[in-house]
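Summary of structural features
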Amino acid sequence: MNLQSNDFELFEIPEQFAQDHAAMQARWQALQREAHPDRFAAQAGAAQRVAMQWSVRINEAWARLKNPLKRAAYLCELHGAPIQAENNTAMPGAFLMQQMEWREALDDADSAAALEALNTEVLQARRDALARCAELLDVAHDYTAAAQQVRALMFIERFASDVDDRLDAMGTAAKGQ
């Protein structure tokens with residue numbers, strides 16, 4: 001194992017968006033067993049510190065690889081197309097219009113059914129955007145276009161979270177009546 005290897009090398013998996021989650025999880029568990037600090041408890045402090053570094057590195061890689069959005073962003077960055085979400089918020093007009101329509105629908109939603117319908121639409125948009133990411137990353141190898149798709153996914157994820165929050169609030173309010 002090499003602390004400098006990228007996450008895919010560390011996990012010994014192909015450098016691609018499409019992954020077998022169960023295989024990744026099994027590899028994560030195996031790496032954790034190898035590097036767990038408790039295995040080095042009887043050794044000198046230096047060995048324990050290295051084990052701790054490895055454990056942190058393995059967990060950071062796992063956090064990136066198991067999350068499709070983070071994995072897509074990481075692949076873009078590895079291939080010279082950083083996401084730059086803080087600096088680059090430019091989006092196609094149609095996408096921005098969709099966001100505005102969703103925001104209005106969320107503001108106007110006055111029932112659980114309306115929120116559920118909006119949630120279904122947003123989750124489908126998320127699935128579509130993830131499929132587009134997979135195509136751009138694994139088939140077209142267009143990392144610049146994939147980076148834009150990742151930024152769009154970040155908007156969708158944030159909005160999906162807002163819808164979930166409203167659904168939770170509506171459920172809590174209904175329980176309190």
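Quick look at the structure, then.

Some words on the environment of Glu-116
Within the secondary structure, Glu-116 sits in helix H6 (residues 112-140). When its relative accessible area of 41% is taken as the criterion, Glu-116 is described as partly exposed. In the structure, Glu-116 is positioned 23 residues away from Val-139 in sequence and 34 Å away in space, judged by C-alpha atoms.

Digging into the nonpolar core
Among the nonpolar cores identified, the biggest contains 46 residues, and Phe-11, Cys-76, Leu-137 and Val-150 are the most heavily contacted of them. Top element by residues in this core is helix H7 (residues 143-176). It accounts for 11 residues.

Some points on the pattern of salt bridges
According to the stated counting rule, one finds seven salt bridges in the structure shown. Its salt-bridge partner being Asp-7, residue Arg-57 comes within 2.7 Å of it at the nearest N-O pair. Taken together, the residues Arg-57 in helix H3 (residues 45-66) and Asp-7 in helix H1 (residues 7-11) connect sequence positions 50 residues apart. For the pair shown, Arg-57 and Asp-7 are each scored as buried. Across the salt bridge formed by Arg-64 and Asp-7, the nearest N and O atoms sit 2.5 Å from each other. With Arg-64 in helix H3 and Asp-7 in helix H1, the pair connects residues that are 57 residues apart, well separated along the chain. On the accessibility criterion, Arg-64 (27% relative accessible area) is partly exposed. Residue class for Asp-7 comes out buried when judged on its relative accessible area of 0%. One salt-bridge network, held together by shared partners, links Asp-7, Arg-57 and Arg-64.

Digging into the packing of aromatic side chains
Counted under the stated rule, the structure contains five aromatic pairs. An angle of 15° between the planes, with centres 5.5 Å apart, marks the rings of Trp-102 and Phe-159 as stacked. In this pair, Trp-102 is assigned in helix H5 (residues 93-108) and Phe-159 in helix H7, connecting sequence segments 57 residues apart. Look at Phe-159 and you get buried, because its relative accessible area is 0%. Linked through ring pairs, Phe-11, Trp-28 and Trp-62 together constitute an aromatic cluster. For the cation-ring pair, Arg-71 lies above Phe-17, with the distance from its terminal atom to the ring centre recorded as 5.0 Å. The ring of Phe-155 has Arg-158 sitting right over it, with the charged end atom 5.4 Å from the ring centre.

Some thoughts on the packing of helix H2 (residues 21-35) against H3
Each packed pair of helices is defined by two parameters, the angle between the axes and the distance between the axes. Relative to each other, H2 and H3 sit at 170°, their axes nearing to 9 Å. The orientation of H2 with respect to H3, classified from their angle, is roughly antiparallel. Facing H2, whose interface residues are His-21, Met-24, Gln-25, Trp-28, Leu-31, Gln-32 and Ala-35, H3 presents Ala-51, Trp-54, Ser-55, Ile-58, Asn-59, Trp-62, Leu-65 and Lys-66. Taken together, the residues that form the contact of H2 with H3 break down as nine nonpolar, five polar and one charged.

Quick look at the environment of Ala-113
With respect to the helices and strands, Ala-113 occurs in helix H6. Judged by relative accessible area, which is 58%, Ala-113 ranks as exposed. Taking the C-alpha atoms as reference points, Ala-113 and Leu-167, separated by 54 residues in sequence, lie 9.7 Å from one another.

Here's the deal with unusual backbone geometry
Although it is not a glycine, Glu-12 sits at a positive phi angle of roughly 55°. As for its placement among the helices and strands, Glu-12 is situated in the loop between H1 and H2. With a phi close to 50°, Gln-84 is a non-glycine residue in the positive phi region. The topology assignment puts Gln-84 in the loop between helix H4 (68-78) and H5.

Criteria and thresholds
In this numbering scheme, every chain counts its residues from 1 along its sequence in written order. Given that the model is predicted, a residue must reach a pLDDT of at least 70 before its local features are reported, and side-chain atom pairs must reach 80 or more before they are shown or counted; all residues, however, enter totals for whole chains, interfaces and linings. Calculated side-chain values reflect all of the structure's heavy atoms, with hydrogen atoms and water omitted. Counting from the N terminus, the helices are the DSSP runs of H or I reaching at least four residues and the strands are the DSSP runs of E reaching at least two. Accessibility here uses a 1.4 Å probe with only protein chains present; expressed as a share of the type maximum, an area under 20% marks a residue as buried, one over 50% as exposed, and anything in between as partly exposed. Nonpolar cores were defined as sets of buried Ala, Val, Leu, Ile, Met, Phe, Trp, Tyr and Cys residues, with membership established by side-chain atoms within 4.5 Å. When a carboxyl oxygen of Asp or Glu is within 4 Å of a side-chain nitrogen of Lys or Arg, the pair counts as a salt bridge. Each Phe, Tyr or Trp ring, with Trp reduced to its six-membered ring, pairs with another whose centre is within 6.5 Å; inter-plane angles below 30 degrees give stacked pairs, above 60 give edge-to-face pairs, and intermediate values give tilted ones. Charge-over-ring placement is defined geometrically: NZ (Lys) or CZ (Arg) within 6 Å of the ring centre, and within 35 degrees of the ring normal. Between the N-to-C directions of two axes lies an angle of 0 to 180 degrees, each axis being a line fitted to C-alpha atoms and, for a helix, fitted only over the stretch in contact. Under this scheme an angle from 65 to 115 degrees is roughly perpendicular, one under 35 degrees roughly parallel, and one over 145 degrees roughly antiparallel; angles in between are oblique. In this description, contact between two residues means that some pair of their heavy atoms is separated by no more than 4.5 Å. For this classification, Asp, Glu, Lys and Arg are treated as charged, while Ala, Val, Leu, Ile, Met, Phe, Trp, Tyr, Cys and Pro are nonpolar and the rest, including Gly, are polar.

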